[in-house]
Amino acid sequence: MKRVQQGFTLIELMIVVAIIGILAAVALPAYQDYTVRAKVSEVVLAVSAPKTSIAEFYQSQGKLPSTASLGTIDTKSKFVRSVAWDGTKITALATATADSKISGKSIVLTPTSTGAGAGQLNWACTGDMPSKYMPASCK
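Now for a look at the structure at hand. Positions within a chain are numbered from 1, following the residues in the order the chain's sequence is written. It should be noted that, the model being predicted, local features are given only for residues of pLDDT at least 70 and side-chain atom pairs only at 80 or more, the latter also being counted only at that level, while totals for whole chains, interfaces and linings use all residues. To get the side-chain values, all heavy atoms of the structure are used, and hydrogens and water are removed first.

**With respect to helix α2 (residues 48-61)**
Helical segments are the DSSP runs of H or I of at least four residues, strand segments are the runs of E of at least two, and each set is numbered from the N terminus. In this analysis, the expected span of each helix is defined as 1.5 Å times one less than the number of residues it contains. Given a rise of 1.5 Å per residue, 14 residues ought to cover 20 Å, and the 20 Å separating the end C-alpha atoms of α2 matches this to within 8%. Only protein chains enter the accessibility calculation, which uses a 1.4 Å probe; a residue is then buried when its area is under 20% of its type maximum, exposed when over 50%, and partly exposed in between. Looking at α2, one finds that the buried residues are Pro50, Ile54 and Tyr58. All buried residues of α2 project into a common sector of 75 degrees when viewed along the axis, lining one side. For α2, the exposed residues lying more than 90 degrees away from the buried face are Gln59 and Ser60. Starting at the helix axis, one direction is taken to each C-beta atom, and the arc is that of these directions.

In structure tokens, the structure reads:
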């Protein structure tokens, strides 16, 4: 009489565990990078309000605003230490609690005129933030 196998053999279970281990080893670093990029996107989002104000001022006045005419920039959050306009560029700093990979790193947006007479600005994105965490708009 033929005996019917019930369950899995030890080698089959070990192969499944090895495959799951390999998948986890690949997925975990990718997930960690994804979470850091999400934190960096909040830093970039923090500069959007002053960026809009500067662009509006430039369209109406034909020049970049001074630090006094722009007013206070208060966009601190869990991942954003500060956002500052110095008359030529916007600098946003990541907080120490954001992540050790981006702690204290900055994103700098520098406006340049398009020269088209319509008062439009192009924004160059630089800073010391690692490029692999920067959003696509800053690469």
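We are not done yet, so read on.
**As for the nonpolar core**
One finds Val40, Val83, Ile90, Ile102, Ile107 and Met129 to be the most contacted residues of the largest nonpolar core, which totals 25 residues. Only α1 (10-46), α2, β1 (80-85), β2 (90-94), β3 (106-113) and β4 (121-126) provide two or more residues apiece to this core. We define the nonpolar core as a collection of buried residues of types Ala, Val, Leu, Ile, Met, Phe, Trp, Tyr and Cys that are connected through side-chain atoms lying within 4.5 Å of one another.

**A short note on the pattern of salt bridges**
We define a salt bridge as a contact between a side-chain nitrogen of Lys or Arg and a carboxyl oxygen of Asp or Glu at a distance within 4 Å. Counted under the stated rule, the structure contains two salt bridges. In this structure, Asp33 engages Lys132 in a salt bridge whose closest nitrogen and oxygen atoms are separated by 3.7 Å. With Asp33 in helix α1 and Lys132 in the segment after β4, this pair connects stretches of sequence that are 99 residues apart. Lys132 gets classed as partly exposed once you look at its relative accessible area, which sits at 48%.

**Considerations on the pairing of β1**
In the sheet, β1 pairs with β2 via five bridges, with the strands oriented antiparallel. Following the sheet pairing, Val80 is matched in β2 by Ala94. Once β1 ends, the chain turns through four residues before running back antiparallel as β2, passing Gly87 with a positive phi of about 100 degrees. Note: two strands are recorded as paired if DSSP finds a minimum of 2 bridges between them.

**Comments concerning the sheet that holds β3**
Read from one edge of the open sheet, four strands run β1-β2-β3-β4, paired in antiparallel fashion. The open sheet has two edge strands, β1 and β4, and neither has a second partner. Recorded for the sheet is a direction-independent mean angle of 15 degrees between the axes of neighbouring strands. Looking at chain direction, β3 and β4 are connected through six bridges and run antiparallel. In the sheet register, Pro111 faces β4, and the bridge partner there is Trp123. Only heavy atoms matter for contacts: two residues are in contact if any of them lie within 4.5 Å across the pair. Lines fitted to C-alpha atoms define the axes here, with helix axes fitted over just the stretch in contact, and angles between the N-to-C directions of these axes take values from 0 to 180 degrees. The strands touched by α1 are β1, β2 and β3; relative to β1, the strand with the most contacts, the crossing angle is about 30 degrees. Along the sheet, α2 makes contact with β1, β2, β3 and β4, crossing β4 at roughly 145 degrees.

Note that all results are geometric; they support no functional claim without further evidence.
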